[in-house]
Amino acid sequence: MRRLFLVLLVAVPVGGGGYYWYAKHSAGGTAQTTKAAEPAAARAVPVVTQIVTAQALPEQIVTIGSVQPVAAIAIKARIDSVVESVAFTEGQEVRTGDTLFTLDARALEAQLRQAQANLERDRANLEKAKGDVKRYSELVRTSAISRTQYDAAVATADALEGTVKADLAAIEAARVSLSFTRIAAPMDGRTGTVAAKVGTMVRAADANPLVTLTQLRPINVSFNVPEKHLPTIRAAMARGSLPVTASIAGSRGETAEGKLSFVDSQVDQQTGTILVKGEFPNADTRLWPGQFVDTVLTLRVEPDALTVADPAVQTGQKGRFVYVVKADETVEMRPVTVERTHGGQSVIATGLKAGERVVVDGQSRLFPGAKVSERGGGKPAAPPGGESAASVRQQGSAAHESAQAQTGGGAT
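Bear in mind that the values here come from a model prediction, so they are computed numbers and not experimental data. (Residues numbered from 1 in each chain as written. Predicted model: local features only at pLDDT ≥ 70, side-chain atom pairs only at ≥ 80, totals over all residues. Heavy atoms only, no water.)

J.: If you had to explain the nonpolar core to someone new, which residues and values would you point to?
T.: Core analysis: the largest hydrophobic core is formed by 22 residues, its most contacted members being F223, I233, L260, F280, L287 and L297. Counting residues per element, the ones that place at least two in this core are β2 (53-69), β11 (219-226), α4 (230-239), β12 (243-247), β13 (255-263), β14 (273-280) and β15 (292-309). The element best represented in this core is β11, accounting for 4 residues. Grouped together as the second largest cluster of nonpolar side chains are 20 residues, I75, L108, I183 and A185 included. (Core = buried A, V, L, I, M, F, W, Y, C linked by side-chain atoms within 4.5 Å. Buried < 20%, exposed > 50% of the residue type's maximum accessible area, 1.4 Å probe, protein only. Helix = DSSP H or I, 4+ residues; strand = E, 2+ residues; numbered from the N terminus.)

This is the structure in structure tokens:
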């Protein structure tokens, strides 16, 4: 009994001390955790913001077009002959009326001389026949010859007069054929590959051209636009000419300026697009037939468009929204309607007004009511880890939806 009493006497102080030590350290740990949690909950999320601005912004249709010449003429021979000379080099620019080819004209010259000789012969016969008619008219009045002889003389003279006219037509045809031995440029343009060298036999029935002449000034750019833009294009054309710009890959940003010149008469039902063309002066021949170019058709310039950077607009389950920074540096989620985009800017139709601040980077950690602070530098940073801007927007949407599910809140 005495031994038990001694054990209890020792165990009670030890147990009490142990309990005191445990309680003290547990309370200290909880206090430290609470103190560490409080700054974390109140810590502001670093973001980059932008002021919603009203500015003049063009409404444009950007697409890919192809350069096409206004005219490309296949030069062919119109007679059967031999190429006597070629008066240009491949790729040379020529003017209207310049000689391109000269063909052997000796056979046609001989035909012309023959037609002229036939004319002289038939004219002589006509003069004789006219003299016979004049003499027979005197003789028939005195009944020296019969009326039949007189009528035959008149018919002969009339026939010879027709023969002379045929000879004149033959001479004209021979001269026309002879003119075909000189092949001239029908327009200003640039020559292509020469298919007929000196000494080549050419025929009027040949399918392949001697050379192709392509007009470079002015020149067209053809491109297709969605049919939904057709009413806007027609309305804009009624107000005046529409500017079109074309830029070539690798041209260091240089562009060619033109205007819309043609809208096709019907929409392609298979693609839902309509063909349009822009005409360019092309004085420096920057545009070349067959090239693909980046084409921009400007429909109008909106003077006071509300714009924000594209990354500011997020997409959630209920549509598009932005985080608006309020006066107390907390954010609210605001649904918006995007009318169109241009050059990295979104034109806001509804949901915002000029002067408001919106978050353009850092949305992935935001939720309605979160406190924010402006990130150093004031410029949108690249997505972390090499992620694309689209993935950042998706992460921001996911964070918002998670916070919305936890708080039971909705879009405001």
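And the narrative resumes.
J.: Report on the layout of surface pockets, specifying residues and quantitative values.
T.: In this model, the largest pocket occupies a volume close to 200 Å³. Contributing to the lining of the largest pocket are E59, Q60, I61, V62, P226, H229, L299, E339, R340, T341, H342 and G343. Residue classes in the lining of the largest pocket are distributed as 4 nonpolar, 5 polar and 3 charged. Size it by volume and the second largest pocket reaches roughly 150 Å³. Considering the residues around the second largest pocket, the lining is formed by A74, I75, K76, A77, R78, S179, F180, R182, I183, A184 and P186. Among the secondary structure elements, those contributing two or more residues to the lining of the second largest pocket are β3 (72-75) and β7 (182-184). The element best represented in the lining of the second largest pocket is β7, accounting for 3 residues. Residue composition of the lining of the second largest pocket, grouped by class: 7 nonpolar, 1 polar and 3 charged. (1 Å grid on protein atoms, 1.4 Å probe; cavity = no way out; pocket = protein on both sides within 12 Å on 5 of 7 lines; lining within 4 Å. Points joined across faces, edges and corners; volume = space filled by probe spheres on them. Nonpolar A, V, L, I, M, F, W, Y, C, P; charged D, E, K, R; others polar.)

J.: Describe the pairing of strand β6 (residues 99-103), and please don't skip the residues or the numbers.
T.: Relative to β6, strand β4 (residues 81-86) runs antiparallel, the two being bridged by 3 bridges. Paired with V86 across the two strands is F101, which belongs to β6. Where β6 and β7 come together, 3 bridges link them in antiparallel fashion. Among the inter-strand pairings, F101 is bridged to a residue of β7, identified as I183. (Pairing = 2+ DSSP bridges.)

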